[in-house]
Amino acid sequence: FLDSIFESRDMSIIFITHDMGIVAQHCDRIGVMYAGKKVEEGPVEAVFNKPKHPYTSDLMKCIPRPDEDIEEKMDTIPGSMPVPIDLPSACYYADRCPMARDDCYDTEPPLESVDGLTNHKSACLFSEEIEYE
């Protein structure tokens, strides 16, 4: 229903949601935010299939899958978000990131193109090392 309205009126809409099903069904592009800062953006298919920020990768692993055993514990992201009045001066995700290194605590990573693509960007110093299953 929504898609037909957008097309007939030649318009766009911004969804702010945690529901990745809605994003997958209705969106062409996605911007992933962590602690109020954009950490990844790009075409939905690229970000879903090959995330290039550790938070996006971790977030995708937390999505319930209908084909998985219901008795298995759902993945979660360990730790907690930074306090908004005391945000780090470098990477906001470093304290929770399994890939974090010293540089992550010293340098604020810019949102830059990944894989030579101008339409897929990540704010991670080590985005080329991220593997997603």
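Note on numbering: residues in each chain are counted from 1, in written sequence order. In keeping with the predicted nature of the model, local features appear solely for residues at pLDDT of at least 70, side-chain atom pairs appear and are counted solely at 80 or more, and the whole-chain, interface and lining totals rest on all residues. Hydrogens and water molecules were not included; the side-chain quantities draw on all heavy atoms of the structure.

1. Side note on unusual backbone geometry
Link 1 in the chain: In this model, Asp-10 sits at a positive phi of 50°, which is unusual for a non-glycine residue.
Link 2 in the chain: Working definition: helices are DSSP H or I runs of at least four residues, strands are E runs of at least two. Numbering for both runs from the N terminus. On the secondary structure map, Asp-10 appears in the loop between helix 1 (2–8) and helix 2 (20–26).
Link 3 in the chain: To sort residues, take the accessible area from a 1.4 Å probe on protein chains only and compare it with the maximum for the residue type: under 20% means buried, over 50% means exposed, and anything in between is partly exposed. When its relative accessible area of 74% is taken as the criterion, Asp-10 is described as exposed.
Link 4 in the chain: Look at Ala-35: it is not a glycine, yet its phi comes out positive at around 55°.
Link 5 in the chain: Residue placement: Ala-35 occurs in the loop between strand 1 (29–34) and strand 2 (37–43).

2. Concerning the pattern of salt bridges
Link 1 in the chain: For this analysis, a salt bridge means a side-chain nitrogen from Lys or Arg found within 4 Å of a carboxyl oxygen belonging to Asp or Glu. In the structure shown here, the tally under the stated rule is four salt bridges.
Link 2 in the chain: In this structure, the salt-bridge partner of Lys-38 is Glu-41, at a minimum N-O distance of 2.7 Å.
Link 3 in the chain: With relative accessibility at 38%, the residue Lys-38 sits in the partly exposed group.
Link 4 in the chain: Between Glu-129 and Arg-101 there is a salt bridge whose closest N-O contact spans 2.3 Å. One end of the pair, Glu-129, is in the segment after strand 4 (117–122); the other, Arg-101, is in the loop between helix 4 (54–61) and helix 5 (102–106), with 28 residues separating them in the sequence.
Link 5 in the chain: Judged by its relative accessible area of 34%, Arg-101 falls in the partly exposed class.

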